[in-house]
Structures are given as C-alpha cells and as structure tokens.
Amino acid sequence: MKPVRTRKRKHKKRLLVLADSHGRDIGWDLNREFEKDGFEVTVIARSGANFKTVTHDIDNFTKDFNFDDRVVVLAGTNDIVSHTQQPTELDLQPILETARRTKVSIATVPYRYDRPLMNVNVAKLNAWLSERISNIDEIELLELSNFDISDFTRHGLHFNKSRGKIKLRKLIKEHITGTSTSEGSGETAEARDISALSNSDFL
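Residues numbered from 1 in each chain as written. Predicted model: local features only at pLDDT ≥ 70, side-chain atom pairs only at ≥ 80, totals over all residues. Heavy atoms only, no water.

1. Let's talk about the side chain of Arg14
Definition in use: By definition, any uninterrupted DSSP run of H or I lasting at least four residues is a helix, any uninterrupted run of E lasting at least two residues is a strand, and each is numbered from the N terminus. Summary of the burial criterion: residues with accessible area below 20% of their type's maximum are buried, those above 50% are exposed, and those between are partly exposed, where the area comes from a 1.4 Å probe applied to protein chains only. Between N or O atoms, a polar contact is any pair within 3.5 Å; within protein, one atom must be a potential hydrogen donor and the other a potential acceptor, and residues adjacent in sequence are included only when both atoms are from side chains.
Along the chain, the position of Arg14 falls in strand S1 (residues 13-19). Of the residues examined, Arg14 reaches a relative accessible area of 17% and is grouped as buried. In this structure the side chain of Arg14 is engaged in a polar contact, spanning 2.9 Å, whose partner is the backbone oxygen of Asp64.

2. Side note on the environment of His11
If you trace the backbone, His11 turns up in the segment before S1. Spatially, the C-alpha atoms of His11 and Gly38 are 8.3 Å apart, while their sequence positions differ by 27 residues.

3. A look at unusual backbone geometry
With a phi close to 65°, Asp25 is a non-glycine residue in the positive phi region. Within the fold, Asp25 resides in the loop between S1 and helix H1 (27-34). We classify Asp25 as partly exposed; its relative accessible area is 43%.

4. Re the environment of Ala49
With respect to the secondary-structure elements, Ala49 resides in the loop between strand S2 (39-46) and helix H2 (51-55). On the basis of relative accessible area, Ala49 is assigned to the buried category, the value being 6%. Considering only alpha carbons, one finds Ala49 and Asn78, 29 residues apart in sequence, at a separation of 6.4 Å.

5. Topic: the packing of H1 against helix H6 (residues 164-177)
Using the following cut-off: Every axis in this analysis is a line fitted to C-alpha atoms, fitted for helices over the stretch in contact. Angles between the N-to-C directions lie between 0 and 180 degrees. In what follows, roughly perpendicular refers to angles from 65 to 115 degrees, roughly parallel to angles under 35, roughly antiparallel to angles over 145, and oblique to any angle outside these ranges. Crossing handedness is read from the near helix: turned anticlockwise from the far helix by less than a right angle, it gives a left-handed crossing, and turned clockwise, a right-handed one. It only takes one pair of heavy atoms within 4.5 Å for two residues to be counted as in contact. Each residue is assigned to one of three groups, with Ala, Val, Leu, Ile, Met, Phe, Trp, Tyr, Cys and Pro labelled nonpolar, Asp, Glu, Lys and Arg labelled charged, and all others, Gly among them, labelled polar.
For the pair H1 and H6, interaxial distance at closest approach is 11 Å and the crossing angle is 40°. When the axes of H1 and H6 are compared, the pair comes out oblique. Along this stretch, H1 crosses H6, giving a crossing that reads as right-handed. Between H1 and H6, the contacting residues are Asp29, Leu30, Arg32, Glu33 and Phe34 on the first element and Arg169, Ile172, Lys173, Ile176 and Thr177 on the second. Of the residues assigned to the contact of H1 with H6, the class counts are four nonpolar, one polar and five charged.

In structure tokens, the structure reads:
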C-alpha cells in the first residue's frame, strides 16, 4: 500500500488591529478584503479608550507573532481633551517591545469635524508622532490625514459606513499589501470583531 500524502495546511498570516472606536465595525470586511492575501484579521476596538488603554496589552495579543504578521494601532483621539490643553506624548514603549518580533504600524489621529478647534492639537500630536516614528526603524506610520467631512457621520467624530469606513479599510489594505482594495465577492470569511463598548462622549 502506498503511503498517503497529507497536504500541509498553509499557515495564515495574522493582522491585528488595536483601535478606539475608529476601528469599530470593520473586522468582517477587512477579513474579506484580506482573504486572498492570506491574512486572518482580528480587530479589537475599545470605545472611549486612550492610546495607553488601546495598546497596554499588545504584548499578550502578539506573543506568538513573527515578521509575517502585522499589527496596526488606531488610537490617540481620546488623548486630545481640548483645544487649549497641549496633548501629552504617547507611550510607545509597549509597541517598541512588540516591534522586536513583528511588524507594527501606528496611524496618525484623524482630524475632527465635531470640534474643529481641537485640530490644532491633533496636528501637533501627529507631528510629534511622525517625527518620533521617523527615528524608529521598527515602526511604520499609517497616514490618516486625507479624510474630509463627507467621510464622517453628521456628528463629525466617527467615520460613516458609506465612505469613511470604506476609505479606512482601503488605506489599511494598501499600507499592508501595497495593493488597492477591490469589492469582494460577498463570501463570508472567518472574522473576530471585538468591540468593548462604553458610554463615553469621546471615541
């Protein structure tokens, strides 16, 4: 009897998105859009969370990650509390430690249309983040400055589903793979979209 050859199951690469509310409701579509690229996407969205809260357990989520996998951080909006108070510097240390074993990208903070006066401090925080990351070889910057008012809900803080969420997914796709997002076939892909909801007035 000839030995039966077993086909090795191809290992899926992993994409972990750690986010505040900007990452809410994008997990299923990201999985569909990344399926052909061999990625399994996990989105963990924490409403109302600041940068430290979004990233504090990044080490636990990525213990077995390698450089085939990717991590994207979408956070920082809730670290800007007013248009008069200077934004504090973000703690990148947990991310630096994770970047020793896997590829990590940090997104800039989207501008706001609910309280536009705060955009002065959004720009300051983004400038600091861009300069800081430019001096760190292990971390990449994901630029989110090209959203306009038509990409947001009427409230002006969250991305809408008709344009903003689609554009966000497209930017993540292009950043990770270098290819444009195409409309999927609608087939269901394995997804885990975890949203820890809160009653915060912020993201």
